[in-house]
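Residue strings, one per chain:
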Amino acid sequence: MSDTPVIGVLALQGDVREHLIALASADALARPVRRPEELAEVDGLVIPGGESTTMSKLATLFGMLEPLRERVRAGMPVYGTCAGMILLADKILDPRSGQETVGGIDMIVRRNAFGRQNESFEAAVEVAGIEGGPVEGVFIRAPWVESVGARAEVIAEHGGHIVAVRQGNALATSFHPELTGDHRVHALFVDMVRAKG
């Protein structure tokens, strides 16, 4: 891999374009990923926000769920925001019928924990490993992490709830850093992909 890693954004549903822009600004070659053969060509993957149940069903429909699980198990760096965090959880509290996850982070996530769409908010969040002050987090029907296992590291909390977690090559935030113009979380992920090299 060159200094410019190729990072995909799972483009089944959600705010794909914003992640592509944020990754490009963090010096990655960013491309949408919809098929297993496209997944095979990337060094890392972002799973965007959206509707986690819909994304899980579409991933199954497009034949992406098992290839995603295999790549994550094999250590491919992956970053999930909001619905992406839910998909990276090993367990969901009160999952919708038929909802599956990719897994990869030893955590239990509560869907829509911060409330409905009209209760969306922004907040400054201190994220361990990111310098230059707090990150502006946009919380839209956001989940939070109820608990983590021994292998997962909590890297941010808000209001007494876990909102960012890292485990090995996997990163997850319940907020949307791609919507703010502050690309430090994406830069952290690009560094994780480079380090995996």
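Draft legend 1. Representation of the overall build of the protein chain. Per the secondary structure count, the protein chain includes 6 helices and 12 strands. Compactness check: the protein chain gives a C-alpha radius of gyration of 15 Å against a globular reference of 16 Å for 197 residues, within 12% of the reference. If you line up the protein chain on its principal axes, its C-alpha atoms span 40 × 40 × 35 Å. Expressed as a percentage of its 197 residues, the buried residues of the protein chain come to 51%. A separation threshold of at least 6 residues defines the contact pool for the protein chain, and within that pool the share at least 24 residues apart is 66%. When the accessible surface of the protein chain is totalled, it reaches about 8,400 Å², and 47% of it is carbon and sulfur.

Draft legend 2. Region of the structure containing the pattern of salt bridges. This structure, assessed with the given rule, holds 9 salt bridges. The salt bridge partner of Arg 69 is Glu 66, with a shortest N-O separation of 2.7 Å. In this pair, Arg 69 and Glu 66 are both assigned in helix 4 (residues 65–73), 3 residues apart and thus about one turn of the helix distant. The structure contains a network of salt bridges with shared partners spanning Glu 66, Arg 69 and Glu 100.

Draft legend 3. View of the nonpolar core. Core analysis: the biggest nonpolar cluster contains 33 residues, and Leu 39, Ile 47, Ile 105 and Met 107 have the highest contact counts within it. Here this core gets 5 residues from one element, more than from any other, and that element is helix 5 (residues 83–88). When near neighbours in sequence (up to four residues on either side) are disregarded, Met 107 contacts Met 85, Leu 88, Ala 89, Asp 90, Lys 91, Val 145, Ser 147, Val 148, Val 165 and Ala 172. Ala 28, Tyr 79, Val 125 and Leu 171 belong to the second-largest nonpolar core, a separate cluster that totals 32 residues.

Draft legend 4. Seen up close, the packing of aromatic side chains. Evaluation of the coordinates by the stated rule reveals 6 aromatic pairs. A centroid spacing of 5.8 Å and a plane angle of 45° characterise the contact between Tyr 79 and Phe 189, whose relative ring orientation is tilted. In this pair, Tyr 79 sits in strand 4 (residues 78–81) while Phe 189 sits in helix 6 (residues 184–196), placing the two residues 110 residues apart along the sequence. Comparing Tyr 79 with Phe 189, the two get one shared label, buried.

Draft legend 5. Spotlight on the side chain of Thr 101. Assignment of secondary structure puts Thr 101 in the loop between strand 5 (89–93) and strand 6 (105–110). Taking relative accessible area as the criterion, Thr 101 reaches 14% and is therefore assigned buried. A polar contact is formed between the side chain of Thr 101 and the backbone oxygen of Ala 89, at a distance of 2.9 Å. Setting aside residues no more than four positions away along its own chain, Thr 101 makes contact with Leu 65, Arg 69, Ile 86, Leu 87, Ala 89, Asp 90 and Ile 92.

Draft legend 6. Layout of the environment of Gly 8. Summarising the element assignment, Gly 8 is placed in strand 1 (residues 6–10). Ignoring any residue separated from it by four or fewer positions in sequence, one finds Gly 8 in contact with Arg 31, Val 33, Val 42, Gly 44, Leu 45 and Val 46.

Draft legend 7. Quick look at the packing of helix 1 (residues 16–25) against helix 6. It is at 9 Å that the axes of helix 1 and helix 6 come closest, and there the two elements cross at 65°. With respect to helix 6, the element helix 1 is oriented roughly perpendicular. Here helix 1 runs over helix 6; the crossing is right-handed. In this structure, helix 1 contributes His 19, Ala 22 and Leu 23 to the contact, and helix 6 contributes His 186, Phe 189 and Val 190. Its residues assigned to classes, the contact of helix 1 with helix 6 comprises 4 nonpolar, 2 polar and no charged.

Basis of the calculations
Within each chain, residue numbers correspond to sequence positions counted from 1 in written order. In keeping with the predicted nature of the model, local features appear solely for residues at pLDDT of at least 70, side-chain atom pairs appear and are counted solely at 80 or more, and the whole-chain, interface and lining totals rest on all residues. In computing side-chain properties, one takes all heavy atoms of the structure into account and sets aside hydrogens as well as water. Secondary structure elements are taken from DSSP: a helix is a run of H or I of four residues or more, a strand is a run of E of two residues or more, and numbering for both begins at the N terminus. The globule rule used for comparison is 2.2 Å times the number of residues to the exponent 0.38, while the radius of gyration itself is calculated over C-alpha atoms. For the exposure calls, accessible area comes from a 1.4 Å probe over protein chains only, and a residue counts as buried if that area is under 20% of its type's maximum, exposed if over 50%, partly exposed in between. Working rule for contacts: check all heavy atoms of both residues, and any pair within 4.5 Å makes them a contact. With residues, only the protein chains shown are counted as cover, and all accessible areas are computed by Shrake-Rupley using a 1.4 Å probe. For this document, the term salt bridge refers to a Lys or Arg side-chain nitrogen within 4 Å of an Asp or Glu carboxyl oxygen. As used in this record, nonpolar core signifies buried Ala, Val, Leu, Ile, Met, Phe, Trp, Tyr and Cys residues forming a set joined through side-chain atoms within 4.5 Å. In this scheme Phe, Tyr and Trp rings, the latter by its six-membered ring, pair at centre separations within 6.5 Å, and the angle between planes marks the pair as stacked below 30 degrees, edge-to-face above 60, and tilted otherwise. In protein, a polar contact means a hydrogen-donor-capable atom and an acceptor-capable atom, both N or O and within 3.5 Å, with residues adjacent in sequence counting only if both atoms are side-chain atoms; elsewhere, any N or O pair within 3.5 Å suffices. To obtain each axis, a line is fitted to C-alpha atoms, and for helices this fit is confined to the stretch in contact; angles are then taken between N-to-C directions over 0 to 180 degrees. Under this scheme an angle from 65 to 115 degrees is roughly perpendicular, one under 35 degrees roughly parallel, and one over 145 degrees roughly antiparallel; angles in between are oblique. Left-handed describes a crossing in which the near helix is turned anticlockwise from the far one by less than a right angle; the clockwise case is right-handed. Gly falls in the polar group here, along with every residue not listed as nonpolar (Ala, Val, Leu, Ile, Met, Phe, Trp, Tyr, Cys, Pro) or charged (Asp, Glu, Lys, Arg).

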